[in-house]
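Residue strings, one per chain:
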Amino acid sequence: ELKVEQNPLFLSMQEGKNYTIYCNYSTTSDRLYWYRQDPGKSLESLFVLLSNGAVKQEGRLMASLDTKARLSTLHITAAVHDLSATYFCAVDVILTGGGNKLTFGTGTQLKVEL
Amino acid sequence: DAEITQSPRHKITETGRQVTLACHQTWNHNNMFWYRQDLGHGLRLIHYSYGVQDTNKGEVSDGYSVSRSNTEDLPLTLESAASSQTSVYFCASKRDSGPGELFFGEGSRLTVL
């Protein structure tokens, strides 16, 4: 059974600081997604990583994928309060019967203190 | 703009009642999914469908059913609601080709008393 583990689960940081969220997964996959969820809201797609070594950046967030290590990172640079949210990674797995599905990590709740 | 909508957004029901959560998308995506979200568990897949008349069980399908009679809709039914099914439910769809990211509805918060 595929396991997707994120750490840390909770992260409180000050504005202006840098930090990295880690996403480890237990099976072969070369597709990984990052989502953001604000409290009481839906999930918003942040990054789509489709191959080993993929790196995507948007503003203060940068995501990378190492398929050999089965690891993705979400790096936050000079955090601002608006980045406070819960961040999920999701791994795309091909099913034996055909098709594919996303398995989500448990999420990292980020709080950026003013 | 094309979108995915869920209804109701909030519902309170009693144990043993049948409940149906609606999901409607206007993107004409064949692939649709239902997840539940609980603290400490992230999102877990309940059921999914790759097209009309196709339905498949996810990892937490017990007590739930879906049907797919057209491309736009994938209703989720709780046959006999239980308190353990109190959760937030998200419907999602994805393009038939391309990156494979999911597009989520706004969620339906269900409370079973």
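What you see as residue numbers is a count from 1 along each chain, following the sequence as written. Each chain gets a letter, beginning with A, and each ligand a number, beginning with 1, in the order they are written. Local features in this predicted model are restricted to residues whose pLDDT is 70 or higher, and side-chain atom pairs enter the listing and the counts only when it is 80 or higher, whereas totals over whole chains, interfaces and linings include all residues. Values reported for side chains reflect all heavy atoms of the structure, with hydrogen atoms and water molecules removed beforehand.

Peer 1: It is not clear to me how the overall build of chain B should be interpreted in this structure. Could you clarify?
Peer 2: When its secondary structure is counted, chain B shows zero helices and eleven strands. The order of α-helices and β-strands along chain B, N terminus first, is β-β-β-β-β-β-β-β-β-β-β. As a reference, a globule follows 2.2 Å times the number of residues to the power 0.38, and the radius of gyration itself is taken over C-alpha atoms. Computed over C-alpha atoms, the radius of gyration of chain B comes to 13 Å, within 12% of the 13 Å expected from 2.2 N^0.38 for 113 residues, which places it in the range of a compact globule. Across its three principal directions, the C-alpha atoms of chain B cover 40 × 30 × 25 Å. Each of the 113 residues in chain B was classed as buried or not, and the buried ones make up 48%. Here, two residues are considered to be in contact whenever any of their heavy atoms come within 4.5 Å of each other. Across chain B, contacts joining residues at least 24 apart in sequence account for 53% of those joining residues at least 6 apart. The average position of the 10 basic charges and that of the 13 acidic charges among the side chains of chain B differ by 5 Å. Secondary structure elements are defined from DSSP: runs of H or I of at least 4 residues count as helices, runs of E of at least 2 residues count as strands, and each element is numbered from the N terminus. Think of it in three bands: with a 1.4 Å probe and only protein chains considered, a residue is buried below 20% of the maximum accessible area for its type, exposed above 50%, and partly exposed in between. When charges are counted, neither His nor the chain ends are considered; positive counts come from Lys and Arg and negative counts from Asp and Glu. Each charge is placed at NZ for Lys, CZ for Arg, CG for Asp and CD for Glu.

Peer 1: What am I meant to see in the overall build of chain A here?
Peer 2: Counting secondary structure elements, chain A contains zero helices and eleven strands. In chain A, the succession of helices and strands from N to C terminus is β-β-β-β-β-β-β-β-β-β-β. Here the C-alpha atoms of chain A give a radius of gyration of 14 Å, agreeing with the 13 Å that 2.2 N^0.38 yields for 114 residues. Overall, chain A is about 50 × 30 × 20 Å in size when its C-alpha atoms are taken along their principal axes. The proportion of buried residues among the 114 residues of chain A is 46%. Here the analysis covers contacts within chain A between residues at least 6 apart in sequence; of these, 53% occur between residues at least 24 apart. Taking the 11 positively charged and 11 negatively charged side chains of chain A as two groups, their mean positions are separated by 2 Å.

Peer 1: I tried to follow the side chain of Arg-68 of chain B on my own but got confused; where do I start?
Peer 2: Of note, Arg-68 of chain B is situated in the loop between β7 (64-66) and β8 (76-78). Counted as salt bridges are all cases of a side-chain nitrogen of Lys or Arg within 4 Å of a carboxyl oxygen of Asp or Glu. For the buried Arg-68 of chain B, no salt bridge is present, and the opposite-charge side chain at shortest range is Asp-54 of chain B, 6.4 Å distant.

Peer 1: Any chance you could explain the packing of aromatic side chains here in plain terms?
Peer 2: Two aromatic rings are characterised by how far apart their centres lie and by the angle between their planes. Centres within 6.5 Å make a pair out of two Phe, Tyr or Trp rings, where for Trp the six-membered ring is used; the pair is then stacked when the planes are under 30 degrees apart, edge-to-face when over 60, and tilted otherwise. Tallying each qualifying case throughout the model produces ten aromatic pairs over all chains. Ring plane angle 50 degrees and centroid distance 6.2 Å describe the contact between Tyr-35 of chain B and Phe-104 of chain B, whose orientation is recorded as tilted. In this pair, Tyr-35 of chain B is assigned in strand β4 (residues 31-38) and Phe-104 of chain B in strand β10 (residues 103-104), connecting sequence segments 69 residues apart. Both residues of the pair, Tyr-35 of chain B and Phe-104 of chain B, belong to the buried class. Among the aromatic residues, ring-to-ring pairing joins Tyr-35 and Phe-104 of chain A together with Tyr-35, Phe-90 and Phe-104 of chain B into one connected group.

Peer 1: Looking at this structure, how should I read unusual backbone geometry?
Peer 2: For residues other than glycine, phi is negative in most cases, and the peptide bonds are mostly trans. Here the residue pair Asn-7 of chain A and Pro-8 of chain A is connected by a cis peptide bond, since its omega of 0 degrees sits within 30 degrees of zero. By secondary structure assignment, the location of Pro-8 of chain A is in the loop between β1 (4-7) and β2 (10-14). With an omega of -5 degrees, the peptide bond between Ser-7 of chain B and Pro-8 of chain B qualifies as cis. Its place among the elements puts Pro-8 of chain B in the loop between β1 (4-7) and β2 (10-13). Positive phi values are uncommon outside glycine, yet Gln-53 of chain B reaches one of about 70 degrees. Here Gln-53 of chain B lies in the loop between β5 (42-51) and β6 (54-57).

Peer 1: Looking at this model, I keep getting lost on the nonpolar core. Mind explaining?
Peer 2: In summary, soluble globular proteins display a tendency toward joint burial of nonpolar side chains. Definition of nonpolar core: a set of buried residues of the types Ala, Val, Leu, Ile, Met, Phe, Trp, Tyr and Cys, connected through side-chain atoms within 4.5 Å. Ranked by internal contacts, the top residues of the largest apolar core, which has 26 residues, are Leu-32, Trp-34, Leu-74, Ile-76, Tyr-87 and Leu-110 of chain A. Among the elements of the structure, β2, β3 (19-25), β4 (32-37), β5 (43-49), β7 (61-66), β8 (71-76), β9 (85-94) and β11 (108-113) of chain A are those that each provide at least two residues to this core. The element that contributes the greatest number of residues to this core is β9 of chain A, accounting for five residues. In contact with Leu-32 of chain A, other than residues within four places in its own chain, are Cys-23, Tyr-25, Phe-47, Val-48, Leu-49, Leu-65, Ser-72, Cys-89, Ala-90 and Val-91 of chain A. The next biggest cluster of nonpolar side chains, apart from the first, holds 19 residues, and it includes Leu-43 and Phe-104 of chain A together with Ala-92 and Leu-102 of chain B.

Peer 1: Honestly, the state of the cysteines in this entry has me stumped. Any pointers?
Peer 2: As used here, a disulfide is simply a covalent bond connecting the sulfur atoms of two cysteines. Residues and elements named next belong to chain B. Disulfides are defined as cysteine sulfur pairs within 2.5 Å. Under the defined criterion, the tally for this structure stands at two disulfides over all chains. One disulfide in the model links Cys-23 with Cys-91; its S-S distance is 1.8 Å. On the sign convention where negative means left-handed, the S-S torsion of about -70 degrees between Cys-23 and Cys-91 marks this disulfide as left-handed. Highlighted residues: Cys-23 in strand β3 (residues 19-25) and Cys-91 in strand β9 (residues 87-94), separated in sequence by 68 residues. Neither Cys-23 nor Cys-91 differs from the other in exposure class; each is buried.

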